[in-house]
Amino acid sequence: MSDQQRDAIGRAWDGVVATARRTAADGLVVGTSGNVSARVGGTVLVTPSGVPYDRLRPEDAVGVDLEGNRVLGELAPTSELPLHLAVYRNSDAAAVVHTHAVHATAVSTLVPEVPSVHYAAAMLGGPVRVAAYARYGTEELAENMLAALRGRTGCLLRNHGTVTYGATLDEAYDRTAQLEWLCRLWLTASSVPGHTPALLSPAQLRDVQEALKEYGQPG
């Protein structure tokens, strides 16, 4: 491994750990639940199984190739490794965030798709689907997730949590936060007795998606 590759992996690992700690600090996971990964070339850096995020050190870096073979570190990777690898094999993702966010997980038990109560849904590619339930850590769960992610950058896992991905760890995390906020908004609005939340139409969401192409600073 060249010094340049080693430096890139070191920076990516630091980002994975910082993002994992952020999910805990923001209440999106409890204990060692949830997991985070980042891809550097053919190496996927992923949080290890059952290790509190605040204890992770640079020497604890865990890396696997796209087939799941360990290429870096001594700790066992997260049990959700199949989920992460499925995203990388089927998208241009450079980072994946998986959480057990409370409001999003609650919504996953109620509906097959997150109701479009806000244009934040467009930031995830459109109405967010709920993947069919399968036990954590299984290839079946990874396959169900891929079906729900079709044309999207995030989805819910029924009775489980959220998955989002992006070109950076920050982007993947922001999509997770937006998804949790969207779910919380719908739960809040739908809890008002005698009222049903107004929803955006597919055309309105498409209009937002077009507008988002010009969002942010030029360049």
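These numbers were taken from a predicted model, which means no experiment stands behind them.

Engineer: Help me understand the sheet that holds strand β6 (residues 130-131) in this model?
Structural biologist: Adjacent strands of a sheet form backbone hydrogen bonds with each other and so pair up, either parallel or antiparallel. Ordered by their spatial adjacency, eight strands build an open sheet running β4-β3-β2-β1-β5-β8-β7-β6, and the pairing between neighbours is mixed. At either margin of the open sheet sits one strand with a lone partner, and together these are β4 (70-72) and β6. Across two bridges, strand β3 (residues 63-64) lies against β4 in antiparallel orientation. Residue Gly63 lies in a different strand from β4, and its bridge partner there is Leu72. Strands in contact with helix α1 (residues 3-25) are β1 (35-40), β2 (43-46), β4 and β5 (95-99); relative to β1, the strand with the most contacts, it is inclined by about 160°. Each of β6, β7 (154-157) and β8 (161-166) is contacted by helix α4 (residues 139-149), which is oriented at about 135° to β7, the strand it contacts most.

Engineer: Looking at this model, I keep getting lost on the pattern of salt bridges. Mind explaining?
Structural biologist: Side chains that carry opposite charge are capable of pairing whenever their charged atoms lie near each other. Counted according to the given criterion, the structure contains five salt bridges. Ionic pairing is found between Arg22 and Asp26, a salt bridge with its closest N-O pair at 4.0 Å. A salt bridge links Glu171 to Arg175; its shortest N-O distance comes to 3.4 Å. Of this pair, Glu171 and Arg175 both sit in helix α5 (residues 169-190), four residues apart, which is roughly one turn of that helix. Using a relative accessible area of 16% as the deciding quantity, one classes Arg175 as buried. When salt bridges with common partners are traced through the structure, they connect Arg57, Glu59 and Asp60 into a single cluster.

Engineer: How do you make sense of the pairing of β7 when you look at a structure like this?
Structural biologist: Across a regular strand the side chains alternate sides, sitting on one face of the sheet and then on the other. Burial along β7 is two-sided: Gly154 and Leu156 facing one way and Cys155 and Leu157 facing the other are all buried. Sheet topology note: the β6/β7 ladder contains two bridges and is parallel. Each residue of the ladder has a partner; that of Val130, found in β7, is Leu156. Handedness of the crossover is the feature at issue here: the chain leaves β6, passes through α4, returns alongside β7, and the resulting connection is right-handed. As defined by bridge partners, β7 adjoins β8 across four bridges and the pair is classed as antiparallel. Counted as the bridge partner of Gly154 is Thr164 from β8. Where β7 folds back onto β8 in an antiparallel hairpin, the turn is made up of three residues, including Asn159, whose phi is positive at roughly 55°.

Engineer: Explanation requested: the nonpolar core in the structure shown.
Structural biologist: A general feature of soluble globular proteins is that nonpolar side chains tend to end up buried together. By size, the foremost hydrophobic cluster in this structure holds 23 residues, and its most contacted members are Val87, Met145, Cys155, Leu157 and Val163. Taken together, the elements giving at least two residues each to this core come down to β2, α2 (81-89), α4, β7 and β8. Among the elements that line this core, the one with the most residues is α2, at six residues. Within the second largest apolar cluster, 20 residues are counted, among which are Leu28, Ala104, Val107 and Ala122.

Engineer: Help me out: how do you make sense of unusual backbone geometry in this one?
Structural biologist: In most cases, non-glycine residues show a negative phi, while peptide bonds are predominantly trans. The backbone phi angle of Asn159 is positive, close to 55°, even though this residue is not glycine. Here Asn159 lies in the loop between β7 and β8.

Engineer: What should I look at first to understand the packing of aromatic side chains in this one?
Structural biologist: What characterises a pair of aromatic rings is the spacing of the ring centres plus the angle enclosed by the ring planes. Under the criterion given, the structure shown has zero aromatic pairs. Positioned above the aromatic ring of Tyr136, the side-chain terminus of Arg135 is 5.6 Å from the ring centre.

Engineer: Can you help me understand the packing of α2 against α4 in this one?
Structural biologist: Packed helix pairs are characterised by how far apart their axes lie and by the angle those axes make with each other. Two numbers describe how α2 lies on α4: the axes approach to 8 Å, and their chain directions differ by 40°. Viewed along their axes, α2 and α4 adopt a mutual orientation that is oblique. Between α2 and α4 lies a crossing whose hand is right-handed. From α2, Pro82, Leu83, Ala86 and Val87 reach across to α4, where they touch Glu139, Leu141, Ala142, Met145, Leu146 and Leu149.

Engineer: What exactly am I supposed to notice about the side chain of Arg129 here?
Structural biologist: Tracing the chain through its elements places Arg129 in the loop between α3 (102-108) and β6. With no salt bridge to any partner, buried Arg129 finds its closest opposite charge in Glu113, at an N-O distance of 5.1 Å. In this structure the side chain of Arg129 is engaged in a polar contact, spanning 2.9 Å, whose partner is the backbone oxygen of Ala148. One polar contact links the side chain of Arg129 to the main-chain carbonyl oxygen of Arg150, over a distance of 2.6 Å.

The rules behind the values
Residue positions are given per chain, counting from 1 as you read along its sequence in written order. In keeping with the model being predicted, local features are shown solely for residues with a pLDDT of at least 70 and side-chain atom pairs are shown and tallied solely at 80 or more, while totals for entire chains, interfaces and linings include all residues. For side-chain calculations, the full set of non-hydrogen atoms in the structure is used, while hydrogens and water are omitted. Between any two strands, at least two bridges found by DSSP are needed for them to pair. Each helix is a run of DSSP H or I of at least 4 residues and each strand a run of E of at least 2, with the numbering of both proceeding from the N terminus. Throughout, a residue-residue contact means that at least one pair of heavy atoms, one from each residue, lies within 4.5 Å. All axes are obtained by fitting lines to C-alpha atoms, using only the stretch in contact for helices, and the reported angles, taken between N-to-C directions, cover 0 to 180 degrees. Salt bridge, as used here, is a side-chain nitrogen of Lys or Arg placed within 4 Å of a carboxyl oxygen of Asp or Glu. Using a 1.4 Å probe on the protein chains alone, a residue whose accessible area is under 20% of its type maximum counts as buried, one over 50% counts as exposed, and one in between counts as partly exposed. Whether a crossover is right-handed comes down to one check: with the strands pointing away from the viewer, does the path from the first strand over the helix to the second run clockwise; if it does, it is right-handed. In this description, a nonpolar core means a group of buried Ala, Val, Leu, Ile, Met, Phe, Trp, Tyr and Cys residues linked to one another through side-chain atoms lying within 4.5 Å. Aromatic contacts are taken between Phe, Tyr and Trp rings whose centres are within 6.5 Å, Trp giving its six-membered ring; a plane angle under 30 degrees counts as stacked, one over 60 as edge-to-face, and the others as tilted. Cation placement over rings: the criterion is NZ of Lys or CZ of Arg within 6 Å of the ring centroid and within 35° of the ring normal. Here roughly perpendicular refers to angles of 65 to 115 degrees, roughly parallel to angles under 35, roughly antiparallel to angles over 145, and oblique to all remaining angles. Crossings are sorted by hand: turned counterclockwise from the far helix by less than a right angle, the near helix makes the crossing left-handed, and turned clockwise it makes it right-handed. We count Lys and Arg on the positive side and Asp and Glu on the negative side, and we leave His and both chain ends out. A 3.5 Å cut-off defines polar contacts: any pair of N or O atoms within that distance qualifies, except that in protein one atom must be a possible hydrogen donor and the other a possible acceptor, and neighbouring residues in sequence count only when both atoms are side-chain atoms.

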